[in-house]
Amino acid sequence: MKLASNAHFSAREHAAREIDRIGHMLVTRWDRSLATHLLSLVCNLERHVDDRQAGQLQTECITLRELLQQWLLQNDSMPSEPERYDELRHHLGIVSQLAMMEDRQQQPDQLHAGLAQAGPHMIYLWMPDSEAAANLAEQLSCFGFIVRSMYQASKLAQALTEATPVAVLAYTDFNVADPIFTLAQTICGLCPLLFCSPRHDFEARLQAVRAGADGFLGWPLLAHELIDNLNFGDLGEKRDPLRVMIVEDMVSLADLYASVLQHHGVDTLQLTEPAGVLDNIVQFRPDLILMDMYMPDCNGVELAQIIRQQRLLDGIPILFLSVEKRQSIQLDTLTLGIDGFLTKPVAPEELVVTVINRARRYRKLRSYIINDSLTGLLNHSHLYAQLEYEVLRAKRDQRALSLVMLDLDHFKTINDTYGHPAGDEVLVNLARFLKERLRRSDLISRYGGEEFAIVLPGTSQEDTARIMDALRQSFVLIEQPGNQRTFRQTFSAGISSLATAGDTTELVQQADDMLYQAKHKGRNRIEAYSFTR
């Protein structure tokens, strides 16, 4: 059955490529014999369309066939060059691309397991009851994880059928009789599997690799070590997928591109109206924009120029998807800041490799530019630029927006008592904590030294105060490492919002004043601005 399916798709893919080749020749130069040949190819493609899944492809084949038949019936005239470059090229692009990719998205991707977890940040711990295990579970819960501990194969198997966690963390001494190795294949098909062990020898690491493990950690294990592992490399990309915005006026094509990318773990946003692109870029924060070059009302070149005019958006890579094969046109567009072309029809493999590699590279380079090197949070200058944009957007849309200025209490004492490495570890722990507990849409920045700033779009001052007070109470429970012992750390915060501030400068000043008030009143507290002060 699989062989038959592959042969069926291969015939369609061959037909798509031939239609594109002959069609491009016809677009460039009208020739009745070429048009007749193209018509026969389209009719042949129709025969390879599965009636049960015909959809848009069958409709577009009919449209292209009728267009060619209409032109061939006109013995005394021929279609003009604008007709060929516009109408014929448009339908050729749709038919060849649909034929190349339709049904391909229905094939399961074996390289990327799904992470459709039920509930926020759920982790399963496979380990025997002990004080160290209980402490690890408690510390993970402070970072916002829901932790389920178990040490029976039947219970773990049942739990995996009920909800898919972010990861399974399994303690083992690598005894071959350990039931976790029997369950390893099932776990790896659902989510990442990480081993933690007091053993560090080569044989243990080899066993972990052969079991399909995504990570190997030492024991005893600190919560932040697991969190760092989950946020690094491929695991980090699964938790925070690459984001690609698809701008394509044909919904059927946008759906195809999105489906192929989603099967490879990419988060996509599809837009058919160019007017909504700028706002959605700010909200979605894409790592790459995949854009059709020829769209009605506003073409891709014009839209790309609009994007490049925005200072904060200038670096986002833009790839054109186009039936345009003329090198001169492609070279002209590259001078406008376009990062490359994918010529329709594009094969799924080419789409995936090109998009993912460029998106990964942009995300990495962007992190070097806009993120603080120690904490990985936004740096001061980029936070302020983003805040200005968010304030303007909130005012335009008449939505709430709050700002938090946060400061670690008695931070100099930490450095003096435990040393500067311990102080740096506290800063990193706070960054991890805020990233895990807050939304992806919230902007988190290291404002300077031990001071942090947080922008919460769409959140009132009252809700922000409740959120921050809950975070304050959780953060103090986290054990901070320092000189062979642990200690607890607190923070103070000041809050302002657009309900009291007229612009960005006033918003920052009010939050800063409230932070001063919180520290003046004894620290380890939250203060929010009000008109009565």
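Our subject is the structure listed above.
Let me begin by describing the structure that accompanies this report. (Residues numbered from 1 in each chain as written. Predicted model: local features only at pLDDT ≥ 70, side-chain atom pairs only at ≥ 80, totals over all residues. Heavy atoms only, no water.)

Some remarks on the overall build of the protein
Step number 1: Along the backbone of the protein there are 20 helices and 17 strands.
Step number 2: Every one of the 533 residues in the protein was classed for burial, and the buried ones make up 50%.
Step number 3: Put simply, of all contacts in the protein between residues at least 6 apart along the chain, 68% involve residues at least 24 apart.
Step number 4: As displayed, the protein offers around 24,900 Å² of accessible surface, 51% of which is attributable to carbon and sulfur atoms. (Helix = DSSP H or I, 4+ residues; strand = E, 2+ residues; numbered from the N terminus. Buried < 20%, exposed > 50% of the residue type's maximum accessible area, 1.4 Å probe, protein only. Contact = heavy atoms within 4.5 Å. Areas by Shrake-Rupley, 256 points an atom, 1.4 Å probe, with all protein chains shown as cover.)

Let's talk about the sheet that holds strand β6 (residues 243–247)
Step number 1: Spatial strand order, β7-β6-β8-β9-β10: five strands in an open sheet with parallel pairing. Bordering the open sheet on either side are β7 (267–271) and β10 (340–343), each of which pairs with just one other strand. Within the sheet, the average angular offset between the axes of one strand and its neighbour, ignoring direction, is 20 degrees.
Step number 2: Where strand β8 (residues 288–292) meets strand β9 (residues 318–322), four bridges bridge the pair, whose relative direction is parallel. Bridge pairing in β9 links I289 to I318. (Pairing = 2+ DSSP bridges. Axes fitted to C-alpha atoms, helices over the stretch in contact; angles between N-to-C directions.)

What about the packing of aromatic side chains?
Step number 1: For the structure on display, the rule yields 12 aromatic pairs.
Step number 2: Where F181 meets F195, the ring centres are 5.5 Å apart and the plane angle is 40 degrees; that geometry is what we call tilted. Residue F181 is located in helix α7 (residues 180–188), and its partner F195 is located in strand β4 (residues 193–197); the two are separated by 14 residues in the primary sequence.
Step number 3: Geometrically, the ring pair formed by F433 and F475 is tilted, given 5.3 Å between the ring centres and 55 degrees between the ring planes. Of this pair, F433 sits in helix α18 (residues 420–437) while F475 sits in helix α19 (residues 461–475), and the two are 42 residues apart along the sequence. Like F433, the residue F475 is buried in the burial classification. (Phe/Tyr/Trp six-rings, centres within 6.5 Å; stacked < 30°, edge-to-face > 60°.)

Some thoughts on empty space enclosed by the protein
Empty space among the atoms becomes visible once a probe the size of a water molecule is rolled across them.
Step number 1: Under the counting rule described, the total for this entry stands at two cavities of 30 Å³ or more.
Step number 2: Empty space within the largest cavity amounts to approximately 110 Å³.
Step number 3: Together, N135, Q139, F143, L222, A223, H224, N429, I478, E479, P481 and T486 line the largest cavity.
Step number 4: The set of elements that each furnish at least two residues to the lining of the largest cavity consists of α5 (131–142) and α9 (223–230).
Step number 5: Taken together, the residues of the lining of the largest cavity break down into five nonpolar, five polar and one charged. (1 Å grid on protein atoms, 1.4 Å probe; cavity = no way out; pocket = protein on both sides within 12 Å on 5 of 7 lines; lining within 4 Å. Points joined across faces, edges and corners; volume = space filled by probe spheres on them. Nonpolar A, V, L, I, M, F, W, Y, C, P; charged D, E, K, R; others polar.)

Comments concerning the side chain of E60
Step number 1: Mapped onto the secondary structure, E60 falls in helix α3 (residues 55–73).
Step number 2: Judged by its relative accessible area of 8%, E60 is buried.

Looking at unusual backbone geometry
Step number 1: Across the junction of W219 and P220, the peptide omega takes the value 5 degrees, indicating a cis bond.
Step number 2: A positive phi is found at R285, a non-glycine position, where the angle reads about 55 degrees.
Step number 3: Relative to the helices and strands, R285 resides in the loop between α12 (277–284) and β8.

Observations concerning the nonpolar core
Step number 1: In this structure, L88, L290, L351 and V355 are the most contacted members of the largest nonpolar core, which totals 54 residues.
Step number 2: In terms of residue count, the dominant contributor to this core is helix α4 (residues 81–101) (nine residues).
Step number 3: Counting residues in hydrophobic clusters, the runner-up holds 52 residues, among them L427, I454, I478 and A493. (Core = buried A, V, L, I, M, F, W, Y, C linked by side-chain atoms within 4.5 Å.)

Comments concerning a nonpolar patch on the surface
Step number 1: A surface patch of nonpolar side chains, about 360 Å² in accessible area, is lined by L365, Y368 and I369.
Step number 2: Note that L365 resides in helix α15 (residues 348–370). (Patch = residues over 30% accessible without salt bridge, like charges linked within 9 Å, V, L, I, M, F, W, Y side chains within 5 Å. Salt bridge = Lys/Arg side-chain N within 4 Å of Asp/Glu carboxyl O.)

Description of the sheet that holds strand β5 (residues 215–218)
Step number 1: Spatially, β2-β1-β3-β4-β5 is the arrangement adopted by the five strands of the open sheet, whose pairing is parallel. A strand with exactly one partner marks an edge of an open sheet, and here the two such strands are β2 (146–150) and β5. For this sheet the average axis-to-axis angle between neighbouring strands, irrespective of direction, equals 20 degrees.
Step number 2: The pairing of strand β1 (residues 122–126) with β2 spans five bridges and is parallel.

A closer look at the side chain of Q139
Step number 1: Mapped onto the secondary structure, Q139 falls in helix α5.
Step number 2: Here L477 takes part through its backbone oxygen, which lies 3.1 Å from a polar atom of the side chain of Q139.
Step number 3: In contact with Q139, not counting residues within four places along its chain, are A223, L477, I478 and E479. (Polar contact = N/O pair within 3.5 Å; in protein donor to acceptor, adjacent residues only side chain to side chain.)

Note that all results are geometric; they support no functional claim without further evidence.
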